[in-house]
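# Observations on the three-dimensional arrangement
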Amino acid sequence: MLNDTSPTGASLVPPLDLSTFLRTIPELVWTAQPDGRIEYVNAWGCRLLQANFEQLRDDGWRQFVHPEDLERTLALRQHAFETGDPYEAEFRLRDGQAGTYRWFLARALPVRDTAGQITHWLGISTDIEKQKWREEALCQSQERVRALVDSNIIGIIVAEGEEIVEANDTFLRMTGYSREDLLQRRINWVHITAPEDLDRTRQAHQELAHYQSMQPYEKEYVCKDGSHLPVLVGGVVFPYDPSQSIYFVLDNSARKELEQRKENFLSMASHELKTPLTAVKMRIQLAKTRLMKQGYHEAAAVLAKAEGSVKLLERLIKELLDGSRIQAGKLEYVQEPVDLEALLSEVADTMQQVSATHPIVVRGTIPCTLIGDKGRLEQVFINLISNAITYSPSATTIEIDCHVSSEAVTVSVRDHGIGIPQELHEKIFERFYRISDLSQRAVPGLGMGLYIVAEIVRHHGGTIQVESEAGNGSTFHVMLPLKRLRTVLPRG
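As a starting point, this report considers the structure included with it. (Residues numbered from 1 in each chain as written. Predicted model: local features only at pLDDT ≥ 70, side-chain atom pairs only at ≥ 80, totals over all residues. Heavy atoms only, no water.)

### Examining the pairing of strand β4 (residues 101-112)
- Where strand β3 (residues 87-94) and β4 come together, eight bridges link them in antiparallel fashion. Bridged to F91 within β4 is F104.
- Here β3 folds back onto β4, and the loop between the two strands holds six residues, one of which, G99, carries a positive phi near 75 degrees.
- Between the end of β4 and the start of strand β5 (residues 118-127), which pair antiparallel, lie five residues, with G116 showing a positive phi angle near 85 degrees. (Pairing = 2+ DSSP bridges. Helix = DSSP H or I, 4+ residues; strand = E, 2+ residues; numbered from the N terminus.)

This is the structure we're talking about:
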C-alpha cells in the first residue's frame, strides 16, 4: 500500500492499491536491485515485449534492446548505479507484437532507506516513437531550409512591409548589394523594382496579404549598379509572424536571353522566307493564267493547288512574324473607323469561297463603327472562322452571331465540331499550343493563331472567351467594349 503522511501523522492521500495501479498504467514500469539487476516488470511491459518476467529478470531485458543502442544504454545505467544519480536514457526496444523497434525514454530514481543507502531503483520507460518521428521530420525540414538558404541558385529575402530585413548571399550577389547595405536598411522592394513592374508587384503583395502566399510572377530588379535583372519571384507569409514575409527569387536572365535569341531567329527567318515566297506565288499565278488562256485546264488546276499551299505557307510566315512582334511589343496597329458589320460580312464571303463545305451564317446587326485596326480585326475573325471549319470536319454550318448591349458588342463564332475539353480552355491561347482532334491526330498549324487573336482583341480593349466541351462544338465570344465605339446613323 502507498500511504503518504504529514509530520503529524495525518494521511495526505487515500490509500492506493499499488499492484492495480502498476497493472493499468500504460507505461513500462520496472524496479531493480542496487546493482541494476531487474527484479520487477509490470504487466503492460510484459505485453509490449511479448515476454514473461523470467525472460526479463536480472539482465534478460538486454535481449530486447536494439543492438546499436545497447552499449550506450548500459554505460549510462552503470554510471547511475555507481554514483546514485538519477538515470535517463533513450533507446529502442523491440515491440513483440509488431516485430519492430520503438523508441523509449527510460528514467529511474534511487529509493533509499533511513540511513541513506539505496535499497532499489524505480524506473519508468515511456514510448516516444511519435516524438522521435516529429523530431526527425523537423530536423529534415530545417536541413532543407538551410540548404535552400545556402543555395547559390535561389535568392531568399525576408521583408517587413516594404523593407527587406534579411537576405541570403545569393540574393545580394544577384543584385550587387552588400550585407552592409542590408544592415543599414538601404534596400526595399519598391526601389529595387523596375518602374514598369511596380503595379504588378503591388498586386502580388496584395495577393500575398489576402491569401498568405503569392503565385510566382516575372519582374525586373534594378541592381545597385543600375542594370536590370529579370527574375521570377514567389512568396509566403511567415505563419508565426504575419508581419514578415519570405520571398524566393530566381534569376530569369538566361531564359529571357534564350527567348530573345529565339525571337530574333524567328523574325529573321520569317523575313528571309517572305521575299522568295512572294516571288514563287507571283510566278505560279502568272503560269496558271497563261495555261488557262492556252486551254491547259488540268495543268492550271494543279498550279491552283500549289498556289493554295503557298498561301498556307504565307499565312504561317505571317503568324511567325506577328508572334515575334507581339513578344517584342512591336505589333503595329492603325486607328481608323471600322464598320464591324460590313467587315464580318466581307470575311464570311471570303471564307465561304475558300470552303464551300461549311455554310457560314451571319446573324444580327451592329449599327455602329469601331475605332480600331480593320486589318487586325479581319485577322481575328478569319482565324476564328478558319479554326471552326478545321475543327468541324464532319459538321456543316458555321454560325456568327452579333449582339449589341449598352456596354459592349459581342461577336460569337460557333461550330458543331469536336469541341475543346474544359481543362484546355486557357491553354489554347498560349503561344505555340496546338490541340489534336478526338482521334489524337495533329491538326496542321503552328499554334500561333489564337495567341495572336487574343493579343489583338486585348489591344482593342476587349476580351475573348471560349465556351466548349469535348464532342459538342465550340463557341468563341469576342467582346469589344462600347467605350471604344461610336454610334452612327443606320446604313442604307
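### Examining the pattern of salt bridges
- The tally for this structure, following the rule as stated, stands at 23 salt bridges.
- A salt bridge links R179 to E166; the shortest N-O distance between them is 3.2 Å. In this pair, R179 is assigned in helix α7 (residues 179-183) and E166 in strand β7 (residues 163-167), connecting sequence segments 13 residues apart.
- For E166, a relative accessible area of 40% translates into the label partly exposed.
- Between E218 and R255 there is a salt bridge, with the nearest N and O atoms lying 2.0 Å from each other. A residue pair is termed long-range when its members are at least 10 positions apart, and E218 in strand β8 (residues 213-222) and R255 in helix α9 (residues 253-293) qualify at 37 residues. (Salt bridge = Lys/Arg side-chain N within 4 Å of Asp/Glu carboxyl O. Buried < 20%, exposed > 50% of the residue type's maximum accessible area, 1.4 Å probe, protein only.)

### With respect to unusual backbone geometry
- Positive phi values are uncommon outside glycine, yet Q50 reaches one of about 55 degrees.
- Summarising the element assignment, Q50 is placed in the loop between α2 (43-49) and α3 (53-56).
- The residue Q212 is not glycine, and still its phi comes out positive at about 70 degrees.
- If you trace the backbone, Q212 turns up in the loop between α8 (198-211) and β8.

### Notes on the sheet that holds strand β2 (residues 38-41)
- As summarised here, the arrangement of the five strands in space is β2-β1-β5-β4-β3, forming an open sheet in which the pairing is antiparallel. With one partner strand each, in any of the chains shown, β2 and β3 form the two edges of the open sheet. Across the sheet, the mean angle from the axis of one strand to that of its neighbour is 25 degrees, orientation sign disregarded.
- Relative to β5, β4 is paired through nine bridges, and the arrangement is antiparallel. Residue A108 lies in a different strand from β5, and its bridge partner there is G123.
- Strand contacts of helix α4 (residues 67-83): β1 (28-32), β2, β3, β4 and β5, with the helix running at about 150 degrees to β3, the strand carrying the most contacts. (Axes fitted to C-alpha atoms, helices over the stretch in contact; angles between N-to-C directions. Contact = heavy atoms within 4.5 Å.)

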